[in-house]
2 protein chains.
Amino acid sequence: MILEMVVVQVRTGMGADYERAFYESAHLIAACQGYLGHRLLRCIEIPDKFVVLVHWQRLDDHVAFNQAPQYQLWKSRIHPFYAAPSVVEHFHTVAAGGTSS
Amino acid sequence: MILEMVVVQVRTGMGADYERAFYESAHLIAACQGYLGHRLLRCIEIPDKFVVLVHWQRLDDHVAFNQAPQYQLWKSRIHPFYAAPSVVEHFHTVAAGGTSS
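Presented here is a report on the structure given in the accompanying data block. (Residues numbered from 1 in each chain as written. Chains lettered and ligands numbered in written order. Predicted model: local features only at pLDDT ≥ 70, side-chain atom pairs only at ≥ 80, totals over all residues.)

## Observations regarding the overall build of chain A
A count of helical and extended segments in chain A gives three helices and four strands. Each helix and strand of chain A, placed in order from N terminus to C terminus, yields the pattern β-α-β-β-α-α-β. Since a compact globule built from 101 residues should have a radius of gyration of about 13 Å, the 14 Å found for chain A is in line with a globular shape. Structurally, chain A occupies a C-alpha span of about 35 × 35 × 20 Å along its principal axes. Scored against the burial criterion, the 101 residues of chain A give a buried share of 28%. Across chain A, the fraction of contacts at a sequence separation of at least 24, relative to all contacts at a separation of at least 6, is 73%. (Helix = DSSP H or I, 4+ residues; strand = E, 2+ residues; numbered from the N terminus. Rg over C-alpha atoms; globule rule 2.2 N^0.38 Å. Buried ≥ 20, exposed ≤ 12 C-beta atoms within 10 Å, placed from the backbone. Contact = placed C-beta atoms within 7 Å.)

Given below as structure tokens:
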């Protein structure tokens, strides 16, 4: 399992609209091969900053989504809210603990 | 529930040592009031980059840890691995889905 992490800076004051567009489009990701789960997080200190976490079975599953037709629909709905290109990286878990990790 | 996110760049080649120090010191966080869980993630694209996610009941619980005596011990064990000051921010979840979000 790998974690895709996307750091997003939305255009000033567009946070609620971005949240709505994300909510209405999340099914496009959720339908993908290898999708396990996602979370959209909003920064407390910088309200126009968001982080998207997506768990995939394999890195290739995320690559396949970026090459699939539904990615173009995702992009057309979501990217207009970006104030700058998002930063996308992938991580694997090396340690975890507690009941809500 | 809030999520503390710490982005860490460790000194070149020190990733395994940082992981070990983190593993051996995680109990200092886990014992805190309001701690719910944590995860240490290592970046696939940039192997000296890590992200620490800590779930707290409230933002004040994290603030209290930073003011507690055990934070000094944590700092003395963990911060020597940092190549630069870490970036610490807090988030709240605005949307989630799937079985592993």
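## Here we look at the relation of the copies chain A and chain B
Superposing chain A onto chain B takes a rotation of 180 degrees plus a shift of 0.0 Å along the axis, which leaves an RMSD of 0.0 Å. Taken together, the rotation and translation relating the two chain copies correspond to the operation of a two-fold axis. When the interface residues of chain A are mapped onto chain B, 100% of them again lie at the interface, so the same face is used by both copies. (Least-squares fit on C-alpha atoms with pLDDT ≥ 70 in both.)

## Thoughts on the interface of chain A and chain B
Facing 35 residues of chain A, the contacting portion of chain B comprises 35 residues. Listed by contribution, the elements that provide at least two residues to the side of chain A that touches chain B are strand 1 (2-9), helix 1 (15-30), strand 2 (35-43), strand 3 (49-56) and strand 4 (87-98) of chain A. For the side of chain A that touches chain B, the leading source of residues is strand 4 of chain A, giving 10 residues. Per-class residue counts for the side of chain A that touches chain B are 19 nonpolar, 11 polar and five charged. Looking at chain direction, strand 4 of chain A and strand 2 (residues 35-43) of chain B are connected through seven bridges and run antiparallel. (Nonpolar A, V, L, I, M, F, W, Y, C, P; charged D, E, K, R; others polar. Pairing = 2+ DSSP bridges.)

## Re the pairing of strand 4 of chain A
In terms of strand pairing, strand 1 of chain A meets strand 4 of chain A through five bridges, oriented antiparallel. Note that in strand 4 of chain A the partner of L3(A) across the bridge is F91(A).

## Digging into helix 1 (residues 15-30) of chain B
Counting along an α-helix, one turn takes 3.6 residues, and residues three or four places apart therefore face a common direction. Here helix 1 of chain B spans 22 Å end to end across 16 residues, near enough to the 22 Å set by a 1.5 Å rise per residue. Every buried residue of helix 1 of chain B is accounted for by Y18(B), F22(B), A26(B), L28(B) and I29(B). Contacts made by the buried residues of helix 1 of chain B are with strand 4 of chain A together with strand 2, strand 3 (49-56), helix 2 (59-67) and helix 3 (69-78) of chain B. (Expected span 1.5 Å × (residues − 1).)

## Points about the environment of H55(B)
Residues and elements named next belong to chain B. Topologically, H55 is positioned in strand 3. Looking at H55, the number of C-beta atoms within 10 Å reads 21, which means it is buried. Sequence separation between H55 and M5 is 50 residues; the distance between their C-alpha atoms is 8.9 Å.

## Here we look at helix 1 of chain A
E24(A) marks where helix 1 of chain A bends most, by close to 40 degrees. Every buried residue of helix 1 of chain A is accounted for by Y18(A), F22(A) and I29(A). Considering only its buried residues, helix 1 of chain A is in contact with strand 2, strand 3, helix 2 (59-67) and helix 3 (69-78) of chain A together with strand 4 (87-98) of chain B. (Bend = angle between axes of the 7 residues up to and from the residue.)

## Structural notes on the sheet that holds strand 1 of chain A
The strand order around the closed barrel formed by eight strands is 1(A)-3(A)-2(A)-4(B)-1(B)-3(B)-2(B)-4(A), and the pairing between neighbours is antiparallel. Between one strand axis and the next, the sheet turns through 35 degrees on average, direction left out of account. When strand 2 of chain B meets strand 3 of chain B, the two strands line up antiparallel, connected through seven bridges. Bridge pairing in strand 3 of chain B places R42(B) opposite F50(B). Across the sheet, helix 1 of chain B lies against strand 4 of chain A together with strand 2 and strand 3 of chain B, angled at about 50 degrees from strand 4 of chain A, the strand it touches most. Most of the contacts of helix 2 of chain B go to strand 3 of chain B, to which it runs at about 115 degrees, and overall it touches strand 1 (2-9), strand 2, strand 3 and strand 4 of chain B. (Axes fitted to C-alpha atoms, helices over the stretch in contact; angles between N-to-C directions.)

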